[in-house]
Amino acid sequence: MSRSRQPPLVTGISPNEGIPWTKVTIRGENLGTGPTDLIGLTICGHNCLLTAEWMSASKIVCRVGQAKNDKGDIIVTTKSGGKGTSTVSFKLLKPEKIGLLDQSAVWVDEMNYYDMRTDRNKGIPPLSLRPANPLGIEIEKSKFPQKDLEILFPGMSADFTSENFSAAWYLIENHSTTSFEQLKMAVTNLKRQANKKSEGSLAYVKGGLSTFFEAQDALSAIHQKLEADGTEKVEGSMTQKLENVLNRASNTADTLFQEVLGRKDKADSTRNALNVLQRFKFLFNLPLNIERNIQKGDYDVVINDYEKAKSLFGKTEVQVFKKYYAEVETRIEALRELLLAKLLETPSTLHDQKRYIRYLSDLHEPGDPAWQCIGAQHRWILQLMHSCKEGYIQDLKGTPVLHSPMLDLDNDTRPLVLGPLSQTASLKRGSSFQSGRDDTWRYKTPHRVAFVEKLTKLVLSQLPNFWKLWISYVNGSLFSETAEKSGQIERSKNVRQRQNDFKKMIQEVMQCLVKLIRGALLPLSIPECGVRQYGGWEVKSELSGQWLAHVIQTIRLTYESLTALEIPNDMLQTIQDLILDLRVRCVMVTLQHTAEEIKRLAEKEDWIIDNEGLTSLPYQFEQCIVHSLQSLKGVLECKPGEASVFQQPKTQEEVCQLSINIMQIFIYCLEQLSTKPDADVDTTHLSVDVSSPDLFGSIHEDFSLTSEQRLLIVLSNCCYLERHTFLNIAEHFEKHNFQGIEKITQVSMASLKELDQRLFENYIELKADPIVGSLEPGIYAGYFDWKDCLPPTGVRNYLKEALVNIIAVHAEARLEICALRDTVAVHLTPESKSSFKQALEALPQLSSGADKKLLEELLNKFKSSMHLQLTCFQAASSTMMKT
């Protein structure tokens, strides 16, 4: 006796959505007691009992049919339980349209297949088999005007197969009223289509795997049935007939579709070729684009395209790609050669050099282009320096004077060390001393000086960029990040060797600069083997101290500029040595030139004396030395890092000897002036000096000097030199840090005192000659012989005359001292009064009244004749008395 069961209850379905004919598995409770108990199965209102397979009371497998509703319940009906219910639902998806040649894992309803021929109005190319609705949702055409869309999207298209496809245009045209949820569903469909496309034919196999298994099971069952019946052994059996039928069907199908499949294969090949050309047109057009960009100078574009092509096709095995990539490599190699040639081309700016180095590093140029550029720049600087020397030497042979605008007074802002010696204003105390040079020397730059200026300017214009290029090479800023990573290891291995090599380059440039300057200014300081390379200046005269000082200033500025580049001091030591040698040479030349100027001072003696009994010669001598020392002030001054000019004992000795020589030359000039014949005295420029003593009154009358007068003037000058001038000069030497000043002063003073003694003896001799001359004739008159001596009758007249002459000399001295004392009596101090008293006591006293009377008469005559001049002293004293 049977009893009723609970109604069926569906609690799950897998999958829960799908297109028609999707195989699903239904799970639940009370789904029947067996296949015969299952009498009904509907999914979304469609009867699926025909495809249902009862597995157990909790599992049924079936296929979903064509349903009217998009979503519905799963209802199972059994004999034992009746009509059941469902707690889940199934969503039926719209099937994709399948073309005639599309693969499908399930049976296709031929009433709904997708025919390309009837859907050409969709704007899809005939070769394309893509669906007309890529989003998989319902298309709702908008009424937006086509012209407005074309204006809104110029140059674009709503065709999703076009290169200029505009998604916004497509959505406005086909889905302007679609909801956001449907658009999200469309995105899901696009992703699913993309996954299917990527999976290829295997996706179809996976999707219809159950169908294949069912077909295999059916064939196996038929095979087993036939084996059981033994029909396979019978000739003309059903399986043989079935095989024949299938083969004929296959051949007929091949015959029918051969032309279509051929066209499809050809279309696929064409489409694939077009796709390849379109997809890889970058590579196919790259050789031509590289040539065009090289001609335009767009090297960055070429390098970017090359890097892209190398990453995509550098290791390709496709022959077509290999061929075109080889063309690209050929043109890149030509570009490397072009850039390397431009990099090594001189002259070139630092910006261009960095740019070319970066390009070559990005192109993976073998070797080290940056170092090659540094070497080329080094050779170029050396070549420029030697060419500069050769140019000036050739110009020297053809043109005697070279104008240099660097020393124009209007444009030169640097302090001139020659200023004091170029002034021609008259010196005080009536001096006519002037510099031996004309002012026009400033505008005539010697070739060697102009060469040094040009050479240093050239080095300062080239070396900074050369140094900056090296710094950029060391810190890696010349290279891009990619090139820096690839070449960092190789450069790190050679960095120490590179540093040593570059140090040698800088030292070679500095040595070349120094040797070229030495060859021009100090030719004896370079070895004989280098005279031809660094010398060759055919000049007879040496540069003056003024020009050497100017050259020293130029080289100092060069040294400061190079130091500002942070070049190590050991690389610039040769320049410091050159500056020191030039400073020493400048001091020597200046002192030698001063000695020549001192020699010419004798020609400038005007013999005009002042109230102190001096001429302008001592002052001219002192000023000449002072001006020479002032011109050496900048040379003797030690700049940072420089040594003293007098640090070498040899230099100290030479400078001391030159200084002594200058002093002795002037002493010799005084001696020559004291013994100069009267006919050699140039008195055409003399003028009357009313303040001079009467002793020299004859000068004003006949413009001539006696030997006695010259001796007295020179003696007066010697006295002034000893008390003032030589001491002042010693102070100036000490102020300028000269060495051996005590020796210079001692030797000079000894020579001056020796001259003073000789001149004084000469003066005494001149004064004594008349007395001796008057005594000798009387003594030897009549050839006196003691044998024939007559008895003396009295003192002869010659002795009386000599005594009168002696008295006259002393009388003149007493008269002059008294006149001077009376003139300045109002201004006398106790000390000066004592001096006058001692002078008068040293003279023989006047014993007779006639002599005293004569002295008084001469003083009165002097005061009367000089009344106008003496008034000056009296007026001053009267004023003081009144106050």
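Computed from a predicted model, the values in this text were never measured in an experiment.

Caption draft 1: Spatial organisation of the overall build of the protein. Across its full length, the protein holds 27 helices and eleven strands. When each of the 883 residues of the protein is scored for burial, the buried share is 36%. The contacts of the protein with a sequence gap of at least 6 include a subset with a gap of at least 24, amounting to 72%. Accessible surface for the protein amounts to roughly 53,100 Å². Of this, 55% is attributable to carbon and sulfur atoms.

Caption draft 2: Spotlight on the confidence of the model for the protein. Per-residue pLDDT for the protein has a mean of 76; in total, 77% of the residues score no lower than 70. Within the model, the stretch residues 482-486 combines pLDDT values under 50 with six contacts to residues more than four positions away or in other chains.

Caption draft 3: The arrangement of the environment of Leu-521 in detail. With respect to the helices and strands, the residue Leu-521 is situated in helix α14 (residues 481-521). In the structure, Leu-521 is positioned 69 residues away from Val-452 in sequence and 9.2 Å away in space, judged by C-alpha atoms. If we skip the residues at most four places from it in the chain, Leu-521 touches Arg-448, Val-452, Leu-543, Val-551 and Leu-582.

Caption draft 4: Structural context of the nonpolar core. One finds Met-385, Leu-463, Ile-575 and Phe-621 to be the most contacted residues of the largest nonpolar core, which totals 138 residues. In contact with Leu-463, other than residues within four places in its own chain, are Ile-381, Ile-506, Val-509, Met-510, Leu-562, Leu-565 and Ile-567.

Caption draft 5: Representation of the sheet that holds strand β1 (residues 9-14) within the structure. Taken in spatial order, the five strands make up an open sheet running β6-β7-β3-β1-β10, and their pairing is mixed. Edge positions in the sheet fall to β6 (53-56) and β10 (85-86), since each has one partner strand and no second. Taken together, the five bridges between strand β3 (residues 23-29) and strand β7 (residues 59-63) define a ladder with antiparallel strand orientation. Its bridge partner being in β7, Arg-27 is matched across the sheet by Lys-59.

Caption draft 6: A look at the pattern of salt bridges. Applying the stated criterion to the full structure yields 23 salt bridges. The partner of Arg-498 in a salt bridge is Asp-368, and the shortest N-O contact between them spans 3.6 Å. With a gap of 130 residues between them, Arg-498 in helix α14 and Asp-368 in the loop between α10 (350-362) and α11 (369-398) connect regions that are remote in the sequence. We classify Asp-368 as buried; its relative accessible area is 14%. In this structure, the salt-bridge partner of Arg-585 is Glu-542, at a minimum N-O distance of 2.6 Å. Pair noted here: Arg-585 is in helix α17 (residues 573-599) and Glu-542 is in the loop between α15 (531-534) and α16 (545-564), with a separation of 43 residues, a long-range link. When its relative accessible area of 26% is taken as the criterion, Arg-585 is described as partly exposed. Shared partners join several salt bridges into a network, and the residues in it are Lys-264, Asp-268 and Arg-271.

Caption draft 7: Quick peek at a nonpolar patch on the surface. A contiguous nonpolar patch, built from Leu-209, Phe-212 and Phe-213 and spanning about 310 Å² of accessible area, is present on the exposed surface. By the secondary structure assignment, Phe-213 is in helix α5 (residues 209-229).

Caption draft 8: Looking closely at the pairing of strand β11 (residues 89-92). Burial along β11 is one-sided: Phe-90 and Leu-92 are buried, while Ser-89 and Lys-91, pointing the other way, are not. Of the strand pairs in this sheet, strand β2 (residues 17-18) and β11 are connected by two bridges, and their pairing is parallel. Pairing of Glu-17 across the sheet is with Lys-91, part of β11.

Caption draft 9: Examining helix α22 (residues 707-735) more closely. If you check α22, its first and last C-alpha atoms are 39 Å apart, about what 29 residues at 1.5 Å a residue would give, namely 42 Å. For α22, the principal kink sits at Leu-721 and spans about 55°. Within two residues after α22, Asn-737 carries a phi angle of roughly 65°, on the positive side.

Caption draft 10: View of the packing of aromatic side chains. As enumerated under the stated definition, the model contains 19 aromatic pairs in all. On the numbers, 5.1 Å between centres and 65° between planes, the contact of Phe-313 with Phe-321 is edge-to-face. Each member of the pair Phe-313 and Phe-321 is classed as buried. By the ring-pair criterion, three or more aromatic residues cluster together here, those being Trp-371, Phe-466, Trp-467, Trp-470, Tyr-473 and Phe-502. Here the basic side chain of Lys-308 rests over the ring of Phe-282, its NZ or CZ set 4.6 Å away from the ring centre.

Caption draft 11: Geometry of unusual backbone geometry. Of note, the bond from Ser-14 into Pro-15 is cis; its omega dihedral lies within 30 degrees of zero at -5°. Looking at the element boundaries, Pro-15 is found in the loop between β1 and β2. With a phi close to 70°, Trp-21 is a non-glycine residue in the positive phi region. Within the fold, Trp-21 resides in the loop between β2 and β3. Judged by relative accessible area, which is 34%, Trp-21 ranks as partly exposed.

Caption draft 12: View of the pairing of β7. Burial runs high along β7: four of the five residues are buried. Looking at chain direction, β6 and β7 are connected through three bridges and run antiparallel. Its bridge partner lying in β7, Glu-53 is registered against Val-61. Between the end of β6 and the start of β7, which pair antiparallel, lie two residues.

Caption draft 13: Region of the structure containing the packing of helix α18 (residues 617-631) against α22. One can describe the packing of α18 onto α22 by two numbers: an axis separation of 10 Å at closest approach and a directional angle of 10°. Put simply, α18 runs roughly parallel to α22. Two secondary-structure elements touch here, α18 through Pro-618, Phe-621, Glu-622, Ile-625, Val-626 and Leu-629 and α22 through Asn-717, Tyr-720, Leu-721, Thr-725, Phe-726, Asn-728, Ile-729, His-732 and Phe-733. Here the contact of α18 with α22 is built from residues that sort into ten nonpolar, four polar and one charged.

Caption draft 14: Spotlight on the packing of helix α13 (residues 447-475) against α16. The contact between α13 and α16 brings their axes to 10 Å, and the two run at 5°. The angle between the axes of α13 and α16 places the two elements in the roughly parallel class. Residues Val-449, Val-452, Glu-453, Thr-456, Leu-460 and Leu-463 of α13 form the contact with α16, whose own contacting residues are Trp-547, His-550, Val-551, Thr-554, Ile-555, Thr-558, Ser-561 and Leu-562.

Caption draft 15: Up close: the side chain of Glu-605. Structurally, Glu-605 is set in the loop between α17 and α18. For Glu-605, a relative accessible area of 6% gives the class buried. A distance of 3.0 Å separates a polar side-chain atom of Glu-605 from the backbone nitrogen of Trp-607.

Caption draft 16: Seen up close, the environment of Val-714. Structurally, the position occupied by Val-714 is in helix α22. Since its relative accessible area comes to 1%, Val-714 is described here as buried. Between the C-alpha atoms of Val-714 and Gly-613, which are 101 residues apart in sequence, the distance is 9.6 Å. Contacts of Val-714, omitting those with residues within four sequence positions, involve Trp-607, Leu-670, Ser-674 and Leu-759.

Calculation notes
- Throughout, a residue's number is its position along its own chain's written sequence, starting from 1.
- This being a predicted model, a pLDDT of at least 70 is required before a residue's local features are given, and a value of 80 or more before pairs of side-chain atoms are given or counted; all residues contribute to the totals for chains, interfaces and linings.
- Side-chain metrics rest on all non-hydrogen atoms present in the structure, leaving aside hydrogens and water.
- By definition, any uninterrupted DSSP run of H or I lasting at least four residues is a helix, any uninterrupted run of E lasting at least two residues is a strand, and each is numbered from the N terminus.
- Three labels apply to residues, based on accessible area from a 1.4 Å probe with only protein chains included: buried if under 20% of the type maximum, exposed if over 50%, partly exposed otherwise in between.
- Contacts are residue-level and defined by heavy atoms, with any inter-residue pair within 4.5 Å sufficient.
- Only the protein chains shown count as covering a residue, and every accessible area follows the Shrake-Rupley method with a 1.4 Å probe.
- pLDDT expresses, on a scale from 0 to 100, how confident the predictor is about each individual residue.
- Among buried residues, the Ala, Val, Leu, Ile, Met, Phe, Trp, Tyr and Cys ones that are joined through side-chain atoms within 4.5 Å form a nonpolar core.
- DSSP bridges decide pairing: two strands pair if at least two such bridges lie between them.
- The salt bridge definition used is simple: a Lys or Arg side-chain nitrogen within 4 Å of an Asp or Glu carboxyl oxygen.
- Patches were defined on residues exceeding 30% relative accessible area and lacking a salt bridge, with like-charge contacts within 9 Å and nonpolar side-chain contacts (Val, Leu, Ile, Met, Phe, Trp, Tyr) within 5 Å.
- What a helix is expected to span follows from its residue count: subtract one and scale by 1.5 Å.
- A residue's bend is simply the angle between two axes: one fitted to the seven residues ending at it, one to the seven starting at it.
- The rule is short: rings of Phe, Tyr and Trp, with Trp giving its six-membered ring, pair when the centres are within 6.5 Å, and they are stacked under 30 degrees, edge-to-face over 60, tilted in between.
- Only Lys NZ and Arg CZ are tested; either one counts as a charge over a ring when it is within 6 Å of the ring centre and within 35 degrees of the ring normal.
- Simply put, an axis is a line fit to the C-alpha atoms, just over the touching stretch for a helix, and the angle between two N-to-C directions goes from 0 to 180 degrees.
- What sets the label is the angle itself: under 35 degrees gives roughly parallel, over 145 gives roughly antiparallel, 65 to 115 gives roughly perpendicular, and the rest give oblique.
- Under the convention adopted here, Pro, Cys and the residues Ala, Val, Leu, Ile, Met, Phe, Trp and Tyr are nonpolar, Asp, Glu, Lys and Arg are charged, and Gly plus all remaining residues are polar.
- Throughout this description, a polar contact denotes any pair of N or O atoms lying within 3.5 Å of each other; where both atoms belong to protein, one of them has to be capable of donating a hydrogen while the other can accept it, and for residues adjacent in sequence the pair is counted only when both atoms sit in side chains.

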